[in-house]
Amino acid sequence: MTALLEITGLRGGYGAVEVLRGVDLQVHSGEIVALLGSNGAGKTTLNNVVSGIYPAWAGQIRFDGQDLTGAHYRDVVKAGLIQVPEGRKIFPNLSVLENLELGSFTRARERRGQNLERVMDTFPRLRERATQLAGTLSGGEQQMLAIGRGMMAEPRLLILDEPSLGLSPLLVEEMFSLIGKLNGEGLAILLVEQNVGQSLEVARRAYVLENGAVRFSGSSAELLASDDLRRAYLGV
């Protein structure tokens, strides 16, 4: 099966510091893949290089058969590879509606209205707060807004970077239910998380990143079944 996203030998970093040390990773159409690892493992750096925010030093990024290595982040978005970054990165002084509309600035602008309805149906609370300033929303609502903004661009693959970060246990459950629902509608998701247990419940496959390199890749069941792997890389 041809991968929707195929990363081969990816290297990258900041200044003279190499963070990614030859990462290989694949995501196929319609699947959830978990990318796990501790703080500083290189997960967010990987997201930003794949998304075109930082340049790759070496290796290749292919998405839906297209070589995106070195592509401008605008062209990455146009291809349908959309990242919802860690920390939400909403525009606090704009309304909920304005934040959502900006999600279709580069891609799917002509279907903005129908996509807006889809997002509002998915997140009824955003419909209730459409005119409210985004910065006044709760943490959970801001995360919904960030994901909704990503959905406005009609993603082929959605990268979710720490979507459960800072949420209450109840909202974490709600967030993972939403991730399962979006995937059930056919959306491929790369789920970058420190919440190991729930990530492996929803993901079919997983990668463990340590010091910028992949230390494990395989099924979620294989990872959970190995006491050594759980202790070494997941701390469980």
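Residues numbered from 1 in each chain as written. Predicted model: local features only at pLDDT ≥ 70, side-chain atom pairs only at ≥ 80, totals over all residues. Heavy atoms only, no water.

Draft legend 1. Representation of the overall build of the protein chain. Regarding its fold elements, the protein chain presents 10 helices and 10 strands. Principal-axis analysis of the C-alpha atoms places the extent of the protein chain at approximately 50 × 40 × 35 Å. Residue pairs at least 24 apart in sequence account for 67% of intrachain contacts in the protein chain once pairs closer than 6 positions are excluded. About 10,600 Å² of surface is accessible on the protein chain, with carbon and sulfur atoms providing 49% of the total. Treating the 24 positive side-chain charges of the protein chain as one cloud and the 27 negative ones as another, the clouds have centres 3 Å apart. (Helix = DSSP H or I, 4+ residues; strand = E, 2+ residues; numbered from the N terminus. Contact = heavy atoms within 4.5 Å. Areas by Shrake-Rupley, 256 points an atom, 1.4 Å probe, with all protein chains shown as cover. Lys, Arg positive; Asp, Glu negative; His and termini not counted. Charge placed at Lys NZ, Arg CZ, Asp CG, Glu CD.)

Draft legend 2. Layout of the sheet that holds strand S1 (residues 5-14). The strand order S2-S1-S4-S5 describes an open sheet built from 4 strands, whose pairing is antiparallel. Across the chains shown, the open sheet's two edge strands, defined by having one partner strand only, are strand S2 (17-27) and strand S5 (66-67). Here strand S4 (residues 58-63) runs beside S5; their pairing, made up of 2 bridges, is antiparallel. Across the sheet, residue Phe63 finds its bridge partner in S5, namely Gln66. Here helix H1 (residues 43-50) sits on the sheet in contact with S1, S2 and S4, set at roughly 110° to S1. (Pairing = 2+ DSSP bridges. Axes fitted to C-alpha atoms, helices over the stretch in contact; angles between N-to-C directions.)

Draft legend 3. Expanded view of the sheet that holds strand S6 (residues 81-84). The strand order across the open sheet formed by 6 strands is S6-S7-S8-S3-S9-S10, and the pairing between neighbours is mixed. Every other strand in the sheet has two partners, leaving S6 and strand S10 (213-219) as the edge strands with one partner each. Within the sheet, the average angular offset between the axes of one strand and its neighbour, ignoring direction, is 15°. Contacting S6 and strand S7 (157-161), helix H6 (residues 139-151) crosses the sheet at an angle of about 170° to S6.

Draft legend 4. Representation of the pairing of S7. In terms of residue burial, S7 counts as a mostly covered element, since 5 of its 5 residues are buried. Relative to S7, S6 runs parallel, the two being bridged by 4 bridges. Bridge assignment links Leu81 to a residue of S7, and that residue is Leu157. Bridge count between S7 and strand S8 (residues 188-193): 5 bridges; the pairing is parallel. Along S8, the bridge assignment pairs Leu157 with Ala188. With helix H7 (residues 169-184) bridging S7 and its parallel neighbour S8, the resulting β-α-β unit is right-handed. (Buried < 20%, exposed > 50% of the residue type's maximum accessible area, 1.4 Å probe, protein only. Right-handed = clockwise from strand over helix to strand, strands pointing away.)

These values are about where atoms sit, not about what they do.
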